[in-house]
Amino acid sequence: MRGGIKTFFAEQRYIGAILPLAIFGLWQASSSFGWVEPVFLPAPAKVVEAFWYMLTRQDLLRDIRASVFIIAQAFFYGALLGIGLGFAAGLSRRVELFFGGTINTLRHIPSVAWIPLVVVWLGLGAPAKIVVLAKSIFIPVFLNTLQAIRGVDHNFIELAQALKLSKWQLICRVIFPAILPVVMVTLRYSAGLSWALVVIAEGISGLEGLGFLIFRAQNLLMTDQLLVCMVLIGLIGYALDRLLYLAQRRLLRWQRGFGGSYA
Amino acid sequence: MLEVRGVTRRFGDFVALRDTNLFVGEGEFVAIVGASGCGKTTLLRLIAGLDQDYVGEIDLRGRRIVGTTLERGIVFQEPRLLPWLSLWENIAVALDNAPLSAAAKKEVIAAQIALVGLTGFEDAYPAALSGGMAQRAAIARALVGHPSILLLDEPLGALDAITRMRLQEELLRIWRHEGVSMILVTHDVEEAVFLSQKVVVMDSHPGHVTANIVVDLPAPRDRSSSDFGVLKREVFGALHDSSAVKPVEIEYLI
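Scoring rules and cut-offs
- Residues numbered from 1 in each chain as written.
- Chains lettered and ligands numbered in written order.
- Predicted model: local features only at pLDDT ≥ 70, side-chain atom pairs only at ≥ 80, totals over all residues.
- Heavy atoms only, no water.
- Salt bridge = Lys/Arg side-chain N within 4 Å of Asp/Glu carboxyl O.
- Helix = DSSP H or I, 4+ residues; strand = E, 2+ residues; numbered from the N terminus.
- Buried < 20%, exposed > 50% of the residue type's maximum accessible area, 1.4 Å probe, protein only.
- Phe/Tyr/Trp six-rings, centres within 6.5 Å; stacked < 30°, edge-to-face > 60°.
- Lys NZ or Arg CZ within 6 Å of the ring centre and 35° of its normal.
- Contact = heavy atoms within 4.5 Å.
- Buried area = accessible area lost by both parts, 1.4 Å probe.
- Polar contact = N/O pair within 3.5 Å; in protein donor to acceptor, adjacent residues only side chain to side chain.
- Nonpolar A, V, L, I, M, F, W, Y, C, P; charged D, E, K, R; others polar.
- Domains from an automatic or database assignment.
- Pairing = 2+ DSSP bridges.
- Axes fitted to C-alpha atoms, helices over the stretch in contact; angles between N-to-C directions.

Draft legend 1. Main features of the pattern of salt bridges. Inspection of the entire model under this criterion finds 22 salt bridges over all chains. Among the ionic pairs, R62(A) bridges to E208(A), the shortest N-O distance being 3.7 Å. Taken as a pair, R62(A) in helix α4 (residues 60–91) and E208(A) in the loop between α9 (167–204) and α10 (210–219) lie far apart in primary sequence, 146 residues in all. Accessibility expressed as a relative area gives 40% for R62(A), which makes it partly exposed. Using a relative accessible area of 34% as the deciding quantity, one classes E208(A) as partly exposed. Note that R188(A) and D241(A) form a salt bridge whose closest N and O atoms lie 3.1 Å from each other. With a gap of 53 residues between them, R188(A) in helix α9 and D241(A) in helix α11 (residues 223–251) connect regions that are remote in the sequence. Salt bridges linked by common partners bring E158(A), R45(B), E78(B) and R80(B) together as one network.

Structure (structure tokens):
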């Protein structure tokens, strides 16, 4: 590393590290110099200690697994149903009219409001949360898929006609790739929202998972454990988005849009 | 080969085409010129089968046309390549339903790409192609199914003058090589005279054919020869006459 810190940060790929490092430094400083009471903000070292304790003594991995399992399943079902029904409605006015009103009404009931009822039906376990989260992913995916299909350039439909493509070929060759950019952004967006919702759902009702731990830590005033959960939730959410981002970049490599540098 | 007889197309009260006749012989190159709004694109879309709401008759080799077929290839004003497919895949789409083996398709596609001079760019996405290259790819896509007639809707209109001239030469070469009939819609009189064996002049309000001018110049044609100039003047004359007989429309008053 010639040139020290200045060249280190001049490299674009490290530029994203500046802000987290600064926040971490501030955090460390505030506990070292005693700016904040430890019960409100424990020192970083204490949090790492708590993390190790939770990992080795309290089976933290089980809770992480529980939360990730819920979001993964909910994402799978919600996305599948959203894209599937979105296509059905996008390709047929009849299906759109059949579902449109119902879905547009249901979507105004926030997911959190569904939790109590669904828990009564399905209990405190994972299934209730999967149902609520799948619904929260389904709605934006459905609406955006439908809207994106409505927005496909008519010229391409005409081209498909001229090339005598069947309806199935039209879907695979034209419509699906055309709407994929919108669908991918929606998937990323709703996955992020739903990950947040996992935490709330587990906090409201549940006996395991990161959301359960975070609310328990608050009740017991264990700020160090609370912070461990927060950091983990953030990191897992980030990893989830990265995964989808990489998938998106691979699927949309034909796109050549604005890359971000303009000079 | 292709016969258009007494075709009328209305859009509500607006008559886009009235009682239009057109004949294209086997392997003939026909150009249609006219001011915008004269119905030349409408006519081409009817021949392509993209629009079927007309009165009259359109026959290809004695059979009335119904809908689109691969027998009538079309090149649009813009290349209209699918941005998510590579150049190769864009051309291959046209053979999706062709009764050919995979190996045969591969061979035909490669030959077609070579014919339009795009060998080496098979894997490029449309965003990476220049306007001229993209339009060549569109021509290859229209030709790959071996149509008996190729419909060209101002395919060179959006290109710069130099690329345009080069592609005109290429079109002629392809026409000779493939022996396919061609109908070229254009608003460029020189292009029409340079490429075609017959120039059909159209006029608007409502769209109709006003003149058929035979271009019997030998190949290769010299744009600066006096015969070329005479024919150009004749087409311009036909365009001008048809607009001169109309009563003057007042566009605005000062």
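Let us keep going from here.
Draft legend 2. Quick peek at the packing of aromatic side chains. Evaluation of the coordinates by the stated rule reveals 10 aromatic pairs over all chains. Ring centres 5.6 Å apart and planes at 25 degrees place the aromatic pair F33(A) and W35(A) in the stacked group. Summarising the aromatic geometry, the rings of W254(A) and W84(B) are spaced 5.4 Å apart at their centres and angled 75 degrees between planes, so their arrangement reads as edge-to-face. In this pair, W254(A) is assigned in the segment after α11 and W84(B) in the loop between β6 (72–75) and α2 (87–92), connecting two distinct chains. For W84(B), a relative accessible area of 9% corresponds to the buried category. Ring-pair connections join several aromatic residues into one group, and the members of that group are F156(A), W254(A) and W84(B). For the cation-ring pair, R80(B) lies above F76(B), with the distance from its terminal atom to the ring centre recorded as 3.7 Å. If you follow R223(B) out to its NZ or CZ, it ends over the ring of F194(B), 3.8 Å from the centre.

Draft legend 3. Quick peek at unusual backbone geometry. For the peptide bond that leads from H205(B) to P206(B), omega is -15 degrees, which places it in the cis range. By the element assignment, P206(B) lies in the loop between β9 (198–203) and β10 (208–214). Here the phi dihedral of D59(A) falls at roughly 55 degrees; this positive angle occurs in a residue that is not glycine. In this structure, D59(A) sits in the loop between α3 (44–57) and α4. One non-glycine residue with positive phi stands out, namely R61(B), at about 50 degrees. Topologically, R61(B) is positioned in the loop between β4 (55–60) and β5 (63–64).

Draft legend 4. View of the interface of chain B and chain A. Each partner contributes to the interface: chain B provides 22 residues, whereas chain A provides 18 residues. For the pair chain B and chain A, the summed buried area comes to about 2100 Å², and 60% of that belongs to carbon and sulfur atoms. When the buried surface of chain B facing chain A is broken down by residue, T68(B), R80(B) and W84(B) rank first, second and third, together holding 31% of it. Where chain B meets chain A, there are 3 salt bridges. Measuring nitrogen to oxygen at the nearest pair gives 2.9 Å for the salt bridge that ties E158(A) to R80(B). At the junction of chain B and chain A, the tally comes to 9 residue pairs in polar contact (both at pLDDT 80 or more). A class-by-class count of the residues in the side of chain B that touches chain A yields 14 nonpolar, 3 polar and 5 charged.

Draft legend 5. Quick look at the environment of G131(B). Residues and elements named next belong to chain B. As for its placement among the helices and strands, G131 is situated in helix α4 (residues 131–143). A relative accessible area of 41% means that G131 is categorised as partly exposed. Taking C-alpha positions, G131 is 19 Å from V185, a pair spaced 54 residues apart along the chain.

Draft legend 6. Local environment of the domain arrangement of chain A. One can read the domain layout of chain A as domain 1 (4–36) and domain 2 (47–251). The distance between the C-alpha centroids of domain 1 of chain A and domain 2 of chain A comes to 32 Å.

Draft legend 7. Local environment of the pairing of β9(B). Residue and element names in this part refer to chain B. Burial analysis of β9 places 6 of its 6 residues in the buried class, which makes it a mostly covered element. Residues K198, V200 and M202 point to one face of β9 and V199, V201 and D203 to the other, with burial holding for every one of them. Two elements, strand β3 (residues 29–33) and β9, share 4 bridges in a ladder whose sense is parallel. Across the sheet, V33 pairs through a bridge with V201, a residue of β9. The turn linking β9 back onto β10 is made up of 4 residues, and H205 within it adopts a positive phi angle of 55 degrees.

Draft legend 8. Representation of the sheet that holds β10(B). All names here are of chain B. Spatially, 6 strands are ordered β6-β7-β8-β3-β9-β10 in an open sheet, and the strand pairing comes out mixed. Across the chains shown, the open sheet's two edge strands, defined by having one partner strand only, are β6 and β10. Across the sheet, the mean angle from the axis of one strand to that of its neighbour is 20 degrees, orientation sign disregarded. Of the strands in this sheet, β6 and β7 (149–153) are in contact with α4, which crosses β6 at around 170 degrees.

Draft legend 9. Just the side chain of T186(B), in detail. Residue and element names in this part refer to chain B. Locating T186 in the fold gives a position in strand β8 (residues 181–186). Given the relative accessible area of 1%, T186 is considered buried. Within the structure, T186 has its side chain in polar contact with the backbone nitrogen of D188 (distance 2.9 Å). Separated by 3.1 Å, the side chains of T186 and E191 make a polar contact.

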